[in-house]
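The primary structure of each chain is shown beneath.
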Amino acid sequence: MTAHQLVNDPQELVGEALEGLELSQRGRLRWNRDPSFVIRADDRRPYKVGVLSGGGSGHEPLHTGFVGYGMLDAAVPGAVFASPTAIQIQAATEAVDDGRGVVHVVKNYTGDVLNFTIAAEISGGIRTETVLVDDDLATDTSVEGGPGRRGTAAVVAVEKICGAAAERGADLSTVAALGRRVAGNARTMSLALRACTHPGQSVPSFDLAPGQVEFGVGIHGERGVRKIPVAPADELVAALTEPVADDLGLSRGDAVFVIVNGLGSTHQLELLAAYRQVTRLLDARGVTVARQLVGSYVTALDMAGCSVTLIRADEELVGLWDDPVRTAALTW
């Protein structure tokens, strides 16, 4: 057992954390123990489309921290960096269905896609729509039949927009279409200054030599696409932001949502400095920041590093973004 983690038994950490979340959000969240999922404890408006997401633990506050009014109705956590089971997802789907169907927000990982697909098939005839989030530019390849881009921090915006639309009373197809619009206009790039270490372990998921940065990392401790030299923050942030803006084809007059996301061990001082540089780069292109999030929302355990997400914004999406949200990790 490493002395640098607050861990009892690594096998029990996820359950202990979910119990702690429930205790810290009394009256707002309920943890269903078996099968495991977190659900809103308030009385939801009847006949609302349900919005459900999930994935491996270790990315907190994603997804359980975004359960609440204006966002998710439930979240299904797996083990650390492991997909939840189809049985968990099925139970959560049935729990949030009010008769108008359920939108599944799914990050593009093989296990998540497979288990959400199975759950939709076995969920007792409940109408479901899937929104696949695949924003990671580092894994944008042309390999036919490949897994495609991974899902990363853009999932927060997808969950926020879908949740707001559902609270407004939009129907199933409309909520899903809005989510797909966000996901399709989102790109992310990430870098790590230090790899993450799994609970109970003392060895990080990969090594970095002094003076190296891992560029294009994933949120499960995956190595990046290449190593780059350590450089001042402005240079590193530009290396993340410029390819994302280029891929989206951003130009003068465009507007975007910006998410500068910490990967677990990056201080808010660093993230705010990074956001400053993102805005400078976008200003130089004539691109407006419509709304922004700066903080740690989609983490990779204790990885040191950050990601930059840009999402094309329009008047309708900004209005949904501004709608009230009350969750453990996001409130306005």
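Provided above is the structure to which this section pertains.
Rules used throughout
Residues numbered from 1 in each chain as written. Predicted model: local features only at pLDDT ≥ 70, side-chain atom pairs only at ≥ 80, totals over all residues. Heavy atoms only, no water. Patch = residues over 30% accessible without salt bridge, like charges linked within 9 Å, V, L, I, M, F, W, Y side chains within 5 Å. Areas by Shrake-Rupley, 256 points an atom, 1.4 Å probe, with all protein chains shown as cover. Salt bridge = Lys/Arg side-chain N within 4 Å of Asp/Glu carboxyl O. Lys, Arg positive; Asp, Glu negative; His and termini not counted. Charge placed at Lys NZ, Arg CZ, Asp CG, Glu CD. Helix = DSSP H or I, 4+ residues; strand = E, 2+ residues; numbered from the N terminus. Buried < 20%, exposed > 50% of the residue type's maximum accessible area, 1.4 Å probe, protein only. Arc of directions from axis to C-beta. Contact = heavy atoms within 4.5 Å. Polar contact = N/O pair within 3.5 Å; in protein donor to acceptor, adjacent residues only side chain to side chain. Axes fitted to C-alpha atoms, helices over the stretch in contact; angles between N-to-C directions. Parallel < 35°, antiparallel > 145°, perpendicular 65-115°, else oblique. Nonpolar A, V, L, I, M, F, W, Y, C, P; charged D, E, K, R; others polar.

Asks: When you look at a negative patch on the surface in this model, what are you seeing that I'm missing?
Replies: Residues Asp-9, Glu-12, Glu-16 and Glu-19 make up a contiguous surface patch of negative charge. With respect to the element layout, Glu-19 can be found in helix H1 (residues 13-24). Residue classification places Glu-19 among the partly exposed residues on the basis of a relative accessible area of 38%.

Asks: When you look at helix H8 (residues 315-322) in this model, what are you seeing that I'm missing?
Replies: Think of an α-helix as turning once every 3.6 residues; residues three or four places apart then point the same way. Every buried residue of H8 is listed here: Leu-317, Val-318, Leu-320 and Trp-321. Each buried residue of H8 lies within a common arc of 160 degrees when the element is viewed along its axis, so the set occupies one face. On its buried side, H8 packs onto helix H4 (154-168), helix H5 (172-184), strand E11 (255-262), strand E12 (288-295) and strand E13 (304-312).

Asks: Please explain the side chain of Asp-112 as it appears in this structure.
Replies: Assignment of secondary structure puts Asp-112 in helix H3 (residues 110-122). A polar contact of 3.1 Å, which involves the side chain of Asp-112, links it to the side chain of Ser-83. Those residues in contact with Asp-112 that sit more than four places away from it in its chain are Gly-54, Gly-55, Ser-83, Pro-84, Val-106 and Lys-107.

Asks: Just to check I follow, could you spell out the pattern of salt bridges for this structure?
Replies: Opposite charge on two side chains makes pairing possible when the charged atoms of those side chains draw close. Evaluation of the coordinates by the stated rule reveals 22 salt bridges. Where Arg-149 meets Asp-134, a salt bridge forms, and the shortest distance between an N and an O atom there is 3.7 Å. Of this pair, Arg-149 sits in the loop between strand E7 (128-133) and H4 while Asp-134 sits in the loop between E7 and H4, placing them 15 residues apart in sequence. Looking at Arg-149, the relative accessible area reads 16%, which means it is buried. Judged by relative accessible area, Asp-134 falls into the buried class, the value being 19%.

Asks: What is the right way to read unusual backbone geometry from this model?
Replies: Backbone phi values are negative for most residues with the exception of glycine, while trans is the configuration of most peptide bonds. Omega for the bond connecting Asp-34 with Pro-35 falls within 30 degrees of zero, at -5 degrees, which places this linkage in the cis form. Turning to its location among the elements, Pro-35 is positioned in the loop between strand E1 (29-32) and strand E2 (37-40). The step from Glu-60 to Pro-61 runs through a cis peptide bond, and the omega angle for that step is 15 degrees. Positive phi, normally seen in glycine, also occurs at Phe-81, with a value near 60 degrees. Even without glycine at this site, Leu-301 takes up a positive phi of about 55 degrees. Following the sequence through the fold, Leu-301 ends up in the loop between E12 and E13.

Asks: Help me understand the packing of H4 against H8, please; the structure alone is not making it clear to me.
Replies: The axes of two packed helices give the description: the angle between them and the distance between them. Orientation of H4 relative to H8, taken along the N-to-C sense of each, is 85 degrees, at an axis distance of 8 Å. One element, H4, and the other, H8, form an angle in the roughly perpendicular class. Contact residues: H4 offers Ala-157, Lys-160, Ile-161, Ala-164, Ala-165 and Arg-168, while H8 offers Leu-317, Gly-319, Leu-320 and Trp-321. Here the contact of H4 with H8 is built from residues that sort into 7 nonpolar, 1 polar and 2 charged.

Any link to function would need more than the numbers given here.
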